[in-house]
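Chain residues, written in single-letter form:
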Amino acid sequence: MARILKAREKLGRRIQKRRKELGYTQEELAEKLNLSRTHMGHIEQGRKSPSLEVLEKIARALRVKVKDLIPN
């Protein structure tokens, strides 16, 4: 269970880092993805895991491949 939590946190940090590199606010990214800002925040904080569909949308919006977001 602890490993899953760490993986979610790493995923969230990678999403947040790339979002900031592109100059998006959390609210702007959430709007692009048709998600609530709260849900986007929970994903970035590692409190929620995105579905595969949402993860693919996030990757497209951040102009990276899904594999680049998933921690090793």
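Located above this text is the structure these notes cover.
To start, this report covers the structure provided alongside it. Because the structure is predicted, anything quoted here is derived from the model rather than measured.

What counts, and at which threshold
- The written sequence of each chain sets the order in which its residues are numbered from 1.
- Per-residue local features are limited, in this predicted model, to residues with pLDDT of at least 70; the limit for side-chain atom pairs, both in listing and counting, is 80 or more; totals at the level of whole chains, interfaces and linings are taken over all residues.
- Side-chain numbers come from the whole structure's heavy atoms, not from hydrogens or water.
- Each helix is a run of H or I in the DSSP string that is no shorter than four residues. Each strand is a run of E no shorter than two, and both are numbered from the N terminus.
- We call a residue buried when its accessible area falls under 20% of the maximum for its residue type, exposed when it is over 50%, and partly exposed in between, using a 1.4 Å probe and counting protein chains only.
- Contact criterion: two residues are considered in contact whenever any of their non-hydrogen atoms come within 4.5 Å of each other.
- The nonpolar core is taken to be a set of buried Ala, Val, Leu, Ile, Met, Phe, Trp, Tyr and Cys residues, with the residues joined through side-chain atoms within 4.5 Å.
- A carboxyl oxygen of Asp or Glu within 4 Å of a side-chain nitrogen of Lys or Arg is what we treat as a salt bridge.

### So, the side chain of Glu44
Move 1: Counting through the fold element by element, Glu44 comes out in helix H3 (residues 37–45).
Move 2: The exposure class of Glu44 is buried, given its relative accessible area of 5%.
Move 3: Filtering out sequence-adjacent residues up to four positions away, Glu44 remains in contact with Gly12, Arg13, Ile15, Gln16, Arg19 and Gln26.

### Let's talk about the nonpolar core
Generally speaking, a soluble globular protein has its nonpolar side chains buried in company with each other.
Move 1: Among the nonpolar cores identified, the biggest contains 15 residues, and Ile15, Leu29, Met40, Ile58 and Leu69 are the most heavily contacted of them.
Move 2: Elements supplying a minimum of two residues to this core: helix H1 (2–21), helix H2 (26–33), H3 and helix H4 (52–61).
Move 3: When residues of this core are assigned to their parent elements, the largest contribution, 5 residues, is made by H4.
Move 4: When residues no more than four places from it in sequence are discounted, the contact partners of Met40 are Ile15, Gln26, Leu29, Ala30, Leu33, Leu35 and Ile58.

### A look at the pattern of salt bridges
Move 1: Inspection of every chain in the model, using the stated rule, returns 4 salt bridges.
Move 2: Ionic pairing is found between Arg18 and Glu21, a salt bridge with its closest N-O pair at 3.2 Å. With Arg18 and Glu21 both in helix H1, this residue pair falls 3 residues apart, about one helical turn.
Move 3: Owing to a relative accessible area of 21%, Arg18 belongs among the partly exposed residues under this scheme.

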